[in-house]
Amino acid sequence: MKSSDLIVLNALRAARQPAVVVTEIASGDVQVLTQAEALAHGLVDEIKPRLLTGKSGMVGVAGAEYFIQLHLPPPRLVIIGAVHISQALAPMAAQCGYDVVVVDPRTAFATPERFTGVTLQADWPEQVLDADPLDAWTAVAAVTHDPKIDDLPLKRALDARCFYVGALGSRKTHGKRLSRFAEAGYDESLVSRIAAPIGLDIGAANPAEIAVAVMAQIIEAHRRRPLGDLDSAA
Amino acid sequence: MSEITDDALNIAERWTGEGRAIALATVVETWGSAPRPAGSQLVIDSDGNFEGSVSGGCVEGAVVFEAVEAIETGAPKMLEFGIADEAAWEVGLSCGGKIRVYVQPVARA
């Protein structure tokens with residue numbers, strides 16, 4: 001390994017880009033790869049499943065030993081709306097290893113007492129997302145029911161190709177949302193990425209159960225994300 | 001949860017930037033109840049200063065010793081630790097697991 005490898009690797013990590021380090025054990029030769037480079041690498045069959053799980057490990061190929069080390073950006077969850085569901089969802093996501101941000105301009109909802117241990121932004125999503133833009137390693141769950149608050153972050157999430165975009169609301173509410181987004185020029189294939197009604201269909205009947213359904217859907221979107229898609233977004 | 005800003009790799013870059021000769025030690029394989037997963041790293045300089053973790057304290061001393069030697073020779077090496085290796089290494093993992101740690105000097109370039 002060379003010090004220049006360290007600089008390249010740390011720059012990728014700081015930019016929240018996935019990086020793969022392939023080390024040939026016998027020689028100590030190191031390759032630092034972007035996701036696109038990793039998917040075109042000779043060891044792609046060994047690397048590809050690891051891009052989903054994030055697990056590093058040894059592989060033996062043609063008599064040579066390699067260590068494949070994965071550096072995936074830590075996933076983030078931005079929750080729009082400091083509501084009941086969010087109070088259950090935020091700590092659950094934190095336990096799953098997500099960096100969690102809760103955004104709600106309504107200061108009566110966004111109080112530190114209701115949300116301990118997560119980043120709380122009592123501000124409009126526009127301000128928050130301007131300062132800290134969304135990326136492909138971020139999930140967005142919009143749960144305020146209020147288009148004035150939810151629509152902008154949902155559009156930003158689609159633009160940024162967030163790996164998960166979910167919105168609370170009945171099919172009827174979502175139907176209205178779809179027509180608003182169509183008028184704003186979002187084509188159907190893009191808008192179909194919004195999970196709505198939000199959460200896996202497990203018959204969730206209260207805010208905590210809905211939070212479980214949403215978290216499960218986020219985990220599925222993260223672990224089963226199509227690598228090609230993320231690749232072209234990067 | 002994100003520990004990116006002050007982990008072994010960032011410290012390694014900082015140390016090489018300061019002109020210190022360093023090595024990285026990486027857990028590459030684990031068996032049984034190993035304390036740290038594959039990919040866990042330790043950065044070591046030629047004076048034996050270190051940051052990070054490969055085992056939660058069980059074998060760091062031995063890894064640092066080998067890393068200082070690797071910095072001098074410039075050659076990477078593979079270390080194995082486990083209960084069965086106690087006699088050879090005089091250290092072991094009390095949890096009963098087994099780990100392989102790859103030590104690689106970082107060349108300035």
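What you see is a predicted model; the values in this text were computed from it and never measured.

> Explain the overall build of chain A to me, using residue names and the numbers behind them.
Looking only at helices and strands, chain A features 10 helices and 10 strands. Seen through its C-alpha atoms, chain A measures out along the principal axes to roughly 60 × 40 × 35 Å. Counting across all 234 residues of chain A, residues that qualify as buried make up 50%. Of the contacts formed within chain A by residues at least 6 apart in sequence, a portion of 58% connects residues at least 24 apart. Summed over all atoms, the accessible surface of chain A reaches about 10600 Å², with 53% contributed by carbon and sulfur. Computing the positive centroid from 22 side-chain charges and the negative centroid from 27, chain A places the two 5 Å apart.

> Talk me through the interface of chain A and chain B; I want residue IDs and the actual numbers.
Interfaces are often described in size by the accessible area the parts lose on coming together. Counting from both sides, the interface comprises 26 residues of chain A and, opposite them, 28 residues of chain B. Interface area, chain A with chain B, both sides summed: about 2000 Å², of which 60% is carbon and sulfur. It is Met 1, Leu 6 and Arg 13 of chain A in chain A that bury the most area against chain B; as a group they hold 27% of the surface buried on that side. At the boundary of chain A with chain B, the tally comes to 2 salt bridges. The partner of Arg 100 of chain B in a salt bridge is Glu 65 of chain A, and the shortest N-O contact between them spans 3.3 Å. Linking chain A to chain B there are 11 residue pairs in polar contact (both at pLDDT 80 or more).

> Any details on the side chain of Arg 16 of chain A? Residues and values, ideally.
Residues and elements named next belong to chain A. Mapped onto the elements, Arg 16 comes out in the loop between helix H1 (3–14) and strand E1 (19–24). Exposure remark for Arg 16: the relative accessible area of 15% places this residue in the buried category. Within the structure, Arg 16 has its side chain in polar contact with the side chain of Asp 135 (distance 2.7 Å). Sequence-distant contacts of Arg 16, that is, excluding residues within four places in its chain, are made with Pro 73, Pro 74, Arg 76, Asp 135, Trp 137 and Thr 138.

> Lay out the domain arrangement of chain A with the relevant residues and their values.
All names here are of chain A. Splitting chain A by domain gives domain 1 (3–71) and domain 2 (76–230). The centre of domain 1, based on its C-alpha atoms, is set 32 Å off from the matching centre of domain 2. On the domain 2 side, the residues contacting the 9 residues of domain 1 number 8 residues. Buried area between domain 1 and domain 2, both sides added, is near 820 Å², and the carbon and sulfur share of it is 50%. Looking at the side of domain 1 facing domain 2, the largest losses of area belong to Arg 16, Gln 35 and Leu 52, adding up to 70% of the total buried there. Linking domain 1 with domain 2 are 1 salt bridge. The residue Asp 135 makes a salt bridge to Arg 16 at a minimum N-O spacing of 2.7 Å. Counting the contacts that link domain 1 with domain 2 gives 5 residue pairs in polar contact (both at pLDDT 80 or more). For the side of domain 1 that touches domain 2, the elements supplying multiple residues, two or more each, are helix H2 (35–39) and helix H3 (44–53).

> Which residues make up the sheet that holds strand E9 (residues 164–167) of chain A, and what are the values?
Residues and elements named next belong to chain A. Across the sheet, 6 strands lie side by side as E7-E6-E5-E8-E9-E10; this open sheet has parallel pairing. Each having just a single partner strand, strand E7 (119–121) and strand E10 (194–195) make up the two edges of the open sheet. One ladder, built from 5 bridges, connects strand E5 (residues 76–80) with strand E8 (residues 138–142); its direction is parallel. Following the sheet pairing, Arg 76 is matched in E8 by Thr 138. Strand contacts of helix H4 (residues 84–95): E5, strand E6 (99–103) and E8, with the helix running at about 175° to E5, the strand carrying the most contacts.

Criteria and cut-off values
- Here the residue index of a chain counts from 1 through its sequence in written order.
- The order in which chains are written sets their letters, starting at A; the order in which ligands are written sets their numbers, starting at 1.
- Only residues with pLDDT of at least 70 are given local features in this predicted model, and only at 80 or more are side-chain atom pairs given and counted; all residues enter the totals for whole chains, interfaces and linings.
- Calculation of side-chain values draws on the structure's entire complement of heavy atoms; hydrogens and water are dropped beforehand.
- Runs of H or I in DSSP of at least four residues are treated as helices and runs of E of at least two as strands, each being numbered from the N terminus.
- With a 1.4 Å probe rolled over the protein chains alone, any residue whose accessible area is under 20% of its type maximum counts as buried; one over 50% counts as exposed, and the rest are partly exposed.
- Contacts between residues were defined by any pair of non-hydrogen atoms, one from each residue, lying within 4.5 Å.
- Accessible surface is estimated by sampling points in the Shrake-Rupley manner with a 1.4 Å probe; for residues, cover comes only from the protein chains shown.
- Think of it this way: Lys and Arg go in the positive column, Asp and Glu in the negative one, and His and the chain ends go nowhere.
- Where a charge lies is defined by one atom per residue type: Lys uses NZ, Arg uses CZ, Asp uses CG and Glu uses CD.
- When two parts are put together, the accessible area they lose, computed with a 1.4 Å probe and summed over both, is reported as buried area.
- Here a salt bridge means any side-chain nitrogen of Lys or Arg lying within 4 Å of a carboxyl oxygen belonging to Asp or Glu.
- Two N or O atoms form a polar contact when they lie within 3.5 Å of each other; inside protein one atom must be a possible hydrogen donor and the other a possible acceptor, and for residues adjacent in sequence the pair counts only when both atoms belong to side chains.
- These domain limits were set by an automatic method or by a database of domain assignments.
- Only strands that DSSP links by at least two bridges are regarded as paired with each other.
- Where helices are involved, their axes are fitted lines through C-alpha atoms of the stretch in contact, as for all axes, and angles between N-to-C directions lie from 0 to 180°.

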